[in-house]
Amino acid sequence: MGANQSKSPITNEKLVIERLRALELKDQSDNEYVHIDEKELPRTAKQTRFKAPWTGLSISEVKHWEHELLADPKNRLALSALSSADPKAVLTSRAVKIEDQQIFSVKIPFEGAPITNQRSSGRCWLFASTNVFRVALMKRHGLDNFELSQAYFFFYDKLEKANFFLEQILDTAGEDLDSRLVQTLLGSPVGDGGQWDMVYNLINKYGLVPQVLYPDSFNAQSSSAINSLITTKLREDALKLRALATSGTRSTKDIIATKEKMMREIHLILTLTLGPPPSPNTEFTWSYLDKNGSAHELTTTPLEFAKELETQKSIRITNSTVHDMFSLVNDPRNEYGSLLTVNRLGNIVGGRPITYVNVSMDTMKTACIKMLQAGLPIFFGCDVGKYSNSGSGIMDTDLIDYELGFNVKLGLSKAQRLMTGESAMTHAMVLTAVHLDEAGKSVRWRVQNSWGEAAGSKGWFVMSDKWMDEFCFQAVVEPRFVDKSVRDVLKQTPKVLPLWDPMGALA
């Protein structure tokens, strides 16, 4: 027994009940969230395990609930409406849809076109990043419409992730197979998602290619089949490598040779399903018409083509390069002004690790406004499925009124949603405009999505400022648009989050 014994369960139970009754659930006037401060719970309540006999549901009691529920004509009306359609559609606020219009006071002069479509794949981060990069190249070459090849990144990202995974498997060979770390590694070896630092790794090693030279194959547009095949293959390979590494009878040379054979098999699968991609050091010739109809040809390599983003003539990047851009994140679980990273998360062995500068939403939004005022698009990550409608292209915390339909209030804060697995970065898109009020505060944001023109307003979405506060987690910025105190955070030793942390989610 410990030196400091707990008080009796009955005393603590009474204390918790009394304290909970005293807590006020303060309804925020500007949105539907009810915020509960965990710090107000007594310390003894946190330390005590609740002890009570388990209770089952009584059939008669459930029937009584139903009788009381349907005795109210409002609930009978709700039953008729909510049981015959998607509750989100039924409870969508018409007033919010009218309020969230595509009108903005600050808009970058050139947003890039056309609206892209990732189709049935999880490549949003590759679309968002190439949609940011293309703006400079379109200006440089005088283009009205242009896409960079997302499939080019997709091929090499899959290949590199497979190699990264097998190296992680060898590095954790001494861990139990059923450990949380190994099981997390095995969970999604080559998922479609990614992060900004992974984009940097790809462009730094492989460069860029116009989409016309390496267009999407069927399996790039619909990736589930190859993901399933490669994942199964890598899991089998993982077990073999673990056995070799722990056998004590095989040399390092043998293990490396076995892993190389495995990687050649992954390369075969990718080549046959996505097509052989251009080599980063081999020249290609790109023929194109500029916006005036004049024909041009450019002969270069993918790596040299990517370097156009770093030249003085490039309009996209004026005072900084892709290498200098970094991620601001808003993670209220962790201290603002701190550097975060995620253990064993990446795509290229020896590449740049995932790095986040954790800041307040005010700091993030201020930087975003400055970038838009300078005419620059912004890569950002969010939890797109919350309080949003892909048909109307609206993201607003007041869009869906659950209280009206179900008489319930959803009260988790942003930190609590992260702590309970309710929220994470699920999608990456591009900011191109913001509407400011008379005081210069942001009201709503214009979002370029990658779901095709059938989504939103011909592919464009509107994000309310309140939605951004609650469900936006990341914005990639250039150093000159943040204070020195924010830039200096990059010099810190990062706090290492576990691989399964929600900030390790890949958009």
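Cut-offs and rules
Residues numbered from 1 in each chain as written. Predicted model: local features only at pLDDT ≥ 70, side-chain atom pairs only at ≥ 80, totals over all residues. Heavy atoms only, no water. Helix = DSSP H or I, 4+ residues; strand = E, 2+ residues; numbered from the N terminus. Buried < 20%, exposed > 50% of the residue type's maximum accessible area, 1.4 Å probe, protein only. Areas by Shrake-Rupley, 256 points an atom, 1.4 Å probe, with all protein chains shown as cover. Axes fitted to C-alpha atoms, helices over the stretch in contact; angles between N-to-C directions. Parallel < 35°, antiparallel > 145°, perpendicular 65-115°, else oblique. Left-handed = near helix turned anticlockwise from the far one by under 90°. Contact = heavy atoms within 4.5 Å. Nonpolar A, V, L, I, M, F, W, Y, C, P; charged D, E, K, R; others polar. Salt bridge = Lys/Arg side-chain N within 4 Å of Asp/Glu carboxyl O. Polar contact = N/O pair within 3.5 Å; in protein donor to acceptor, adjacent residues only side chain to side chain. Pairing = 2+ DSSP bridges. Expected span 1.5 Å × (residues − 1). pLDDT = per-residue confidence, 0-100. Phe/Tyr/Trp six-rings, centres within 6.5 Å; stacked < 30°, edge-to-face > 60°.

### Considerations on the overall build of the chain
At step 1: When its secondary structure is counted, the chain shows 19 helices and 16 strands.
At step 2: Here the chain holds 507 residues, and 49% of them are scored as buried.
At step 3: Roughly 25500 Å² of accessible area belongs to the chain as shown, and the carbon and sulfur atoms make up 52% of that amount.

### Re the packing of helix H8 (residues 150-171) against helix H13 (residues 252-274)
At step 1: At a minimum axis distance of 10 Å, the contact between H8 and H13 shows a crossing angle of 155°. In terms of their interaxial angle, H8 and H13 are classed as roughly antiparallel. H8 and H13 meet at a crossing whose hand is right-handed. In this structure, H8 contributes Phe154, Phe155, Lys158, Leu159, Ala162, Asn163, Leu166, Glu167 and Leu170 to the contact, and H13 contributes Ile255, Lys259, Met262, Met263, Ile266, His267, Leu270, Thr271 and Leu274.
At step 2: Taken together, the residues of the contact of H8 with H13 sort by class into 12 nonpolar, three polar and three charged.

### Section: the pattern of salt bridges
At step 1: In the structure shown here, the tally under the stated rule is 26 salt bridges.
At step 2: Between Glu111 and Lys107 there is a salt bridge, with the nearest N and O atoms lying 3.8 Å from each other.
At step 3: Salt-bridge contacts for Asp501 lead to Arg333; the nearest nitrogen and oxygen are separated by 2.8 Å. Taken together, the residues span a long stretch of sequence, with Asp501 in the segment after strand E16 (495-497) and Arg333 in the loop between strand E6 (326-329) and strand E7 (338-342) at a distance of 168 residues.
At step 4: A relative accessible area of 10% places Asp501 in the buried class.
At step 5: If you follow the salt bridges from partner to partner, you end up with Lys233, Asp237, Lys261 and Glu265 in one network.

### A short note on the environment of Thr426
At step 1: Its place among the elements puts Thr426 in the loop between helix H17 (414-419) and strand E12 (427-436).
At step 2: Given a relative accessible area of 39%, Thr426 falls into the partly exposed group.
At step 3: Separated by 232 residues in sequence, Thr426 and Gly194 place their C-alpha atoms 10.0 Å apart.
At step 4: Residues in contact with Thr426, not counting those within four places in the same chain, are Cys124, Cys382, Asp383, Val384, Gly385 and Ala507.
At step 5: Here the side chain of Thr426 touches Val384 through a polar contact of 3.1 Å, landing on its backbone nitrogen.

### Comments concerning the environment of Phe471
At step 1: Take Phe471: it is sitting in helix H18 (residues 465-471).
At step 2: Sequence separation between Phe471 and Met395 is 76 residues; the distance between their C-alpha atoms is 9.5 Å.

### Brief notes about the pairing of E7
At step 1: Extensive coverage of E7 is indicated by the burial of five of its five residues.
At step 2: Of the two faces of E7, the one holding Ser338, Leu340 and Val342 and the one holding Leu339 and Thr341 are both buried throughout.
At step 3: Where E7 lies against strand E8 (residues 356-358), three bridges are found, and the strand directions are antiparallel. Each residue of the ladder has a partner; that of Ser338, found in E8, is Asn358.
At step 4: One ladder, built from three bridges, connects E7 with E16; its direction is parallel. Bridge pairing links Val342 to Leu497 in E16.

### Here we look at H13
At step 1: Relative to the 33 Å expected for 23 residues at 1.5 Å per residue, H13 spans 32 Å between its end C-alpha atoms, a close match to the ideal helical length.
At step 2: For H13, every residue scored as buried is listed here: Ile255, Lys259, Met262, Met263, Ile266, Ile269, Leu270, Thr271 and Leu274.
At step 3: In this structure, the buried residues of H13 make contact with H8, helix H11 (218-221) and helix H12 (224-247).
At step 4: In the stretch just after H13, Gly275 is the one whose phi turns positive, near 95°.

### Some remarks on the confidence of the model for the chain
At step 1: On average, residues of the chain score 91 in pLDDT, and 89% of them reach the 70 mark or higher.
At step 2: Below pLDDT 50 for its whole length, residues 1-34 participates in 45 contacts with residues either more than four positions away or in separate chains.
At step 3: The low-confidence segment residues 315-319 (pLDDT under 50) makes 14 contacts with residues lying over four places distant or belonging to another chain.

### Some thoughts on unusual backbone geometry
At step 1: Residue Pro114 is reached from Ala113 by a cis peptide bond, and omega for that bond is 5°.
At step 2: Looking at the secondary structure, you find Pro114 in the loop between strand E3 (106-107) and helix H7 (124-141).
At step 3: One non-glycine residue with positive phi stands out, namely Arg344, at about 60°.
At step 4: Following the sequence through the fold, Arg344 ends up in the loop between E7 and E8.

### Let's talk about the packing of H12 against H13
At step 1: Remark: H12 packs on H13, axes separated minimally by 10 Å, with the N-to-C direction vectors making an angle of 175°. Relative to H13, the element H12 lies roughly antiparallel. Contacts between H12 and H13 involve Ile226, Leu229, Ile230, Lys233, Leu234, Asp237, Lys240, Leu241, Leu244 and Ala245 on the former and, on the latter, Ile255, Thr258, Lys259, Met262, Glu265, Ile266, Ile269, Leu270, Thr273 and Leu274.
At step 2: Across the contact of H12 with H13, the residue classes tally to 13 nonpolar, two polar and five charged.

### Description of the side chain of Gln168
At step 1: Among the secondary structure elements, Gln168 is positioned in helix H8.
At step 2: On the basis of relative accessibility, which here comes to 11%, the residue Gln168 falls in the buried class.
At step 3: Those residues in contact with Gln168 that sit more than four places away from it in its chain are Leu185 and Arg344.

### Brief notes about the pairing of strand E13 (residues 442-448)
Successive side chains on a regular strand alternate, one facing one side of the sheet and the next facing the other.
At step 1: With six of its seven residues buried, E13 lies for the most part within the structure.
At step 2: Linkage of E12 to E13, two consecutive antiparallel strands, is achieved through a turn of five residues, within which Gly440 is found at a positive phi near 85°.

### Notes on the packing of aromatic side chains
At step 1: One pass over the structure, following the stated rule, counts 14 aromatic pairs.
At step 2: Their ring planes at 75° and their centres at 5.2 Å tell us that Phe155 and Tyr156 sit as a pair that is edge-to-face. As far as the burial class goes, Phe155 and Tyr156 line up, both buried.
At step 3: Aromatic pair Tyr387 and Phe471: ring centres 6.1 Å apart, planes at 25°, arrangement stacked. Within this pair, whereas Tyr387 is found in the loop between strand E9 (378-382) and strand E10 (388-389), its partner Phe471 is found in helix H18, the two being separated by 84 residues in sequence.
At step 4: Under the relative-accessibility criterion, Tyr387 is labelled buried at 7%.
At step 5: Using a relative accessible area of 1% as the deciding quantity, one classes Phe471 as buried.

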